[in-house]
Amino acid sequence: MKIIFISVLLSIVASLAFAKAPVVPKGQSFDCTPTHVWDGDGPVWCSEGPKVRVSGINARETDGTCKEGHPCPGLDATWEMARDHLVSLVGTPTGRKSKHGHIIVHGPTMQCISVGRAGRDRTGAWCVSPRGGDISCAMIKSGLVVKWKTYWKQHDCSD
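Quick summary incoming for the structure in this document.

### Side note on the pairing of strand 9 (residues 123–129)
For strand 9, a buried count of six out of seven residues is recorded, marking the element as mostly surrounded by other parts of the structure. Bridge analysis of strand 4 (residues 51–54) against strand 9 gives three bridges, and the strand direction is parallel. By the bridge assignment for strand 9, V54 is matched with A125. In this antiparallel pair of consecutive strands, strand 8 (residues 110–117) and strand 9, the connection spans five residues, and G119 shows a positive phi of 85°. Relative to strand 10 (residues 133–134), strand 9 runs antiparallel, the two sharing two bridges. Across the sheet, S129 pairs through a bridge with G133, a residue of strand 10. What sits between the antiparallel neighbours strand 9 and strand 10 is a turn of three residues.

### Some details on helix 2 (residues 79–90)
Look at helix 2: 17 Å from first C-alpha to last across twelve residues, which is about the 16 Å you get at 1.5 Å a residue. Inspection of helix 2 places W79, A82, R83, L86, V87, L89 and V90 among the buried residues, and these make up the whole buried set. The arc that holds every buried residue of helix 2, seen down its axis, measures 165°, which confines them to one face.

### Quick word on the nonpolar core
Formed by 30 residues in total, the largest nonpolar core has its most connected members in C32, V52, L86, M110, I135 and M139. Of all the elements in the fold, those that place two or more residues in this core are strand 1 (29–32), strand 3 (44–46), strand 4, helix 2, strand 7 (103–106), strand 8, strand 9 and helix 3 (135–142). Residue contributions to this core peak at five residues, all from helix 2. The residues contacting M110, other than those within four sequence positions of it, are F30, D31, C32, P34, V44, V90, C127, V128, S129, P130 and I135.

### Structural notes on the pattern of salt bridges
Within this structure, the stated rule accounts for three salt bridges. A salt bridge links D41 to R53, with the shortest nitrogen-to-oxygen separation between them at 3.4 Å. Note that D41 is positioned in the loop between strand 2 (34–37) and strand 3 and R53 in strand 4, a separation of twelve residues in sequence. For the pair D41 and R53, one class covers both residues: buried. Its salt-bridge partner being D84, residue R83 comes within 2.9 Å of it at the nearest N-O pair.

What counts as what
Per chain, the residues get numbers from 1 upward, laid out in the order the sequence is written. pLDDT decides what is reported in this predicted model: residues at 70 or higher carry local features, side-chain atom pairs at 80 or more are listed and counted, and totals for whole chains, interfaces and linings draw on all residues regardless. Think of the side-chain values as coming from all heavy atoms in the structure, minus any hydrogens and water. Accessibility here uses a 1.4 Å probe with only protein chains present; expressed as a share of the type maximum, an area under 20% marks a residue as buried, one over 50% as exposed, and anything in between as partly exposed. Labels follow the DSSP assignment, with helices taken as runs of H or I lasting at least four residues and strands as runs of E lasting at least two, numbered in each case from the N terminus. A pair of strands is labelled paired if DSSP reports no fewer than 2 bridges between them. For a helix, the expected span equals 1.5 Å multiplied by the number of residues minus one. The arc refers to the directions leading from the helix axis to the C-beta atoms. The nonpolar core is taken to be a set of buried Ala, Val, Leu, Ile, Met, Phe, Trp, Tyr and Cys residues, with the residues joined through side-chain atoms within 4.5 Å. We call two residues in contact when some of their heavy atoms are within 4.5 Å. For salt bridges, the criterion is a side-chain nitrogen of Lys or Arg within 4 Å of an Asp or Glu carboxyl oxygen.

Shown next, in the form of structure tokens:
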């Protein structure tokens with residue numbers, strides 16, 4: 001009986017970890033303590049609940065392509081390189097991946113401002129990390145992602 005109870009409890013906890021995340025309303029500031037990173041433009045899972053799509057940028061997809069109508073980095077900017085750079089800006093990798101392939105990180109809390117819904121259950125956001133500063137600007141500076149002018153708007157990278 002104990003084994004069944006523990007199995008059910010673990011299943012519930014695992015499903016909650018990847019359950020639909022709350023979308024932070026546009027204009028609202030929020031904290032994000034990174035726990036997982038998928039690729040070079042997110043999402044970044046926050047221990048507080050939201051999944052952040054890094055605003056104003058686009059990276060290659062995990063199959064190495066770019067979606068139709070999306071700006072695309074050069075072929076020398078692989079999705080893995082972009083993902084690993086984003087990981088380095090938001091936290092320290094644990095050396096483990098989730099069962100879904102996300103890089104598990106321990107990161108300091110970032111300060112973010114929502115630009116609203118960014119697909120399914122993601123919050124588009126401008127975030128500043130104690131490790132990497134303005135995440136969107138640092139990713140652009142790396143050359144591993146491209147600026148997505150439609151979403152970049154008037155964002156400023158001057159220090």
